[in-house]
Amino acid sequence: MTTPESSSESVEFVAAMERATRWISDYFDCPEKYPVLSPVKPGTIRGSLPQTPPLKGRTIDSILDDFENKILPGITHWNHPAFFAYFSITGSWPGIMGELIAAALNVNGMLWRTSPALTELETLSLDYLRQLAGLDDRYFGQILDTASTSSLVAMAAAREQLDGLEIRKRGMSGAPPLTVYTSVESHSSIDKGAIVVGVGSDNVRRIKVDGCFRMDTEALRSEIERDLSAGRRPLCVVATVGTTSTTSVDPVPAIADICEKYGIWLHVDAAYAWAAAVLPEKQHILDGCDRADSIVVNPHKWLFTPIDLSVLFCNKRDVLRNAFSLVPDYLTSSGEADQPNLMDYGFQLGRRFRALKLWMVINYYGVEGLQKKIRGHIELAASFAAWAKSHPDFEVMAPVEFSTVCFRFNPGTRSLPPEDLDIINETLLENVNKTGRVFLSHTRIGGRICPRCAIGNIRTTEKHVTLLENLLEELSAELV
Ligand SMILES: *Cc1c(COP(=O)(O)O)cnc(C)c1O
């Protein structure tokens, strides 16, 4: 038996990697052999493992055995091709290679010189990402962990730009109340960001939407006017391209007009839908975004890059720098005039080499490969929506612009009251998910429960969408 003491590091490592690689490749060949939603009860996984650390190190084989036997049952399989919940996100093996090599290098890109390749590959691959969607080159990109962080950093930059307040130096006391504007459909990360930068959740104005779930710009304008006349200071407007519930697209050009008129920072949350703009026929969804001060995009959502990797684009690099740069003596460095020290553009000092996985993904698939996959997902969603529309007992609840369909069961032969429809749809969801063969989540539209099917998995094909349709057909029939 091999033990850590008796074998050389490299022999043990290669053997362990061979086992892990084989496991991953078998897994990718057939993620469907697992239930998509983990069926374990709370505490099962923790309870199956020792509660104290081992005194002596264990063999990697026994550790991997624990992974396969004890940990894996507690995995909900986002790689399963019938994972249709939330925003189904998808990694890819070139992205995994990037993660692996980045972990091996274990560099920290706080300064350009602490790994020149990290900084330069980050700016280059974000230039690729920008070009993929036709955004112009005034935008400076940086990689962060999640969209929540990216939007928070954008709000801190917007705060820095407020004339005459000097909040960075003086803090919020003495400043007038700040306000943030976003639609009722935008993501909860906007409220969280507003809480963290000191705006407070009471000062987040949730603007109403039109019949297609897009921000009502007249309501936006009148809220801003009202706050200004009450002596409040607008911090930013957050528009969404691809909202989390229905994937609606706010009217960014009209919102940009308002922001320009009142001198307010415009931040666009395109975390999910940016990926669709790699398609020439969808590039119009970013109309007006070239007038935004900042934009967040999540390649870890629908661009085949393993979580986590979010990108903040900002066309006010100086403002970002003024908001965040704070260089202690031990980190002073000179001579990188044209290369950024990325620590100066956000609140985190340390920086993983996340760019490597994005660079590998874009290079491996190429523009055409990415387009083919995204287009395929949009077509699958359209075919599921067509099924639901043509079915007498199902209805589609929101326009389908991307790869997400909000629908519900509404048996045509009876007119059930809305409360009963909610209960029936919740039960249907539960029963469908209990099969372990597909996973759907829900949203609320107009207060009513709607199951929601999001297609974003690299392995999803027609076969899986048909499986979903058949399960819905079969299990809904049992409910009436
Ligand atoms: C997913 C999503 C977010 C949150 O993303 P994280 O990276 O998990 O913080 C924010 N906004 C929108 C529109 C999203 O779809």
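Keep in mind it's a predicted model, so treat the numbers as computed, not measured.

Quick rundown of the sheet that holds strand β10 (residues 441–445)? Include the residues and the values.
Read from one edge to the other, the open sheet built from four strands follows the order β8-β9-β11-β10, with strand pairing classed as antiparallel. Two strands lie at the open edges of the sheet, namely β8 (394–396) and β10, each paired on one side alone. On average, each strand axis in the sheet is inclined to that of its neighbour by 40°, with strand direction left out of account. Relative to strand β11 (residues 448–454), β10 is paired through five bridges, and the arrangement is antiparallel. Residue pairing across strands places His442 opposite Pro451, the latter belonging to β11. Across the face of the sheet, helix α13 (residues 355–390) comes into contact with β8, β9 (404–409) and β11 while running at roughly 130° to β8. Relative to the sheet, helix α14 (residues 418–434) contacts β8, β9, β10 and β11, its axis offset from that of β11 by approximately 35°.

If you had to explain the pairing of β11 to someone new, which residues and values would you point to?
Among the seven residues in β11, six count as buried, and that is most of the element. Relative to β11, β9 is paired through three bridges, and the arrangement is antiparallel. Within the sheet, the bridge partner assigned to Thr404 lies in β11 and is Ala454. Taking the residues that link successive antiparallel strands as the turn, the β10-β11 hairpin has two residues, and the phi of Gly446 there is positive, at about 55°.

Residue-level account of the site of the ligand, with values.
Neighbouring residues of the ligand: 14 residues in total, closest Ala147, Ser148, Asp269, Asn298 and Lys301. At 2.6 Å, a side-chain N or O of Asp269 approaches a nitrogen atom of the ligand. Between the ligand and His300, the relevant distance is 3.5 Å, taken from an oxygen atom to a side-chain nitrogen or oxygen of the residue. In the complex, the protein chains occlude 87% of the 390 Å² of accessible area that the ligand would expose alone. Contributions of two or more residues to the shell around the ligand are made by α6 (147–161) and α11 (299–302). Class assignment for the residues of the shell around the ligand results in four nonpolar, eight polar and two charged.

So what about the pattern of salt bridges? Which residues, and what values?
In a structure, side chains of opposite charge can pair up when their charged atoms sit close to one another. If you walk through the whole model with that rule in mind, you get 30 salt bridges. For Glu99, the salt bridge is made with Lys357, and the minimal N-O distance between the two is 2.5 Å. Here Glu99, found in helix α4 (residues 93–105), pairs with Lys357, found in helix α13; they are 258 residues apart in sequence, far enough to count as distant. The exposure classification of Glu99 matches that of Lys357, with both residues buried.

Describe helix α1 (residues 9–29), and please don't skip the residues or the numbers.
The terminal C-alpha atoms of α1, which comprises 21 residues, lie 30 Å apart, in line with the 30 Å expected from a rise of 1.5 Å per residue. Those residues of α1 that sit buried are Ala16, Arg19, Trp23, Tyr27 and Phe28. Buried residues in α1, looked at end-on, bunch into an arc of 165°, giving them a common side. The exposed set on the far side of α1, more than 90 degrees from its buried face, consists of Val11, Arg22 and Asp29. The secondary structure elements touched by the buried residues of α1 are α3 (60–71) and α4.

Report on the sheet that holds strand β5 (residues 265–269), specifying residues and quantitative values.
Pairing is mixed across the open sheet formed by seven strands, whose spatial order is β1-β7-β6-β5-β4-β2-β3. Only two strands of the sheet have a single partner each, and these edge strands are β1 (140–144) and β3 (204–207). Averaged over all neighbouring strand pairs, the angle between strand axes comes to 20°, with direction disregarded. Bridge count for strand β4 (residues 233–240) against β5 is five bridges, and the pairing is parallel. If you follow Ala239 over to β5, its bridge partner there is Val268. Contacting β2 (178–183), β3, β4 and β5, helix α8 (residues 188–196) crosses the sheet at an angle of about 160° to β3.

An account of helix α5 (residues 116–132) is requested, with residue identities and associated values reported.
With 17 residues, α5 ought to run about 24 Å at 1.5 Å a step, and its terminal C-alpha atoms sit 24 Å apart, in line with that. Within α5 the residues assigned to the buried category are Leu118, Thr119, Leu121, Glu122, Ser125, Leu126, Leu129, Arg130 and Leu132. As for α5, its buried residues are in contact with β1, β6 (294–297), α11, β7 (310–314) and α13.

I'd like a rundown of the environment of Gln348, residues and numbers included.
Turning to its location among the elements, Gln348 is positioned in the loop between α12 (317–324) and α13. Remark: the alpha-carbon pair of Gln348 and Leu144, spanning 204 residues in sequence, is separated by 9.0 Å. Those residues in contact with Gln348 that sit more than four places away from it in its chain are Leu144, Asp145 and Met343.

About the cut-offs
Residues numbered from 1 in each chain as written. Predicted model: local features only at pLDDT ≥ 70, side-chain atom pairs only at ≥ 80, totals over all residues. Heavy atoms only, no water. Pairing = 2+ DSSP bridges. Helix = DSSP H or I, 4+ residues; strand = E, 2+ residues; numbered from the N terminus. Axes fitted to C-alpha atoms, helices over the stretch in contact; angles between N-to-C directions. Contact = heavy atoms within 4.5 Å. Buried < 20%, exposed > 50% of the residue type's maximum accessible area, 1.4 Å probe, protein only. Near = heavy atom within 4 Å. Polar contact = N/O pair within 3.5 Å; in protein donor to acceptor, adjacent residues only side chain to side chain. Areas by Shrake-Rupley, 256 points an atom, 1.4 Å probe, with all protein chains shown as cover. Nonpolar A, V, L, I, M, F, W, Y, C, P; charged D, E, K, R; others polar. Salt bridge = Lys/Arg side-chain N within 4 Å of Asp/Glu carboxyl O. Expected span 1.5 Å × (residues − 1). Arc of directions from axis to C-beta.

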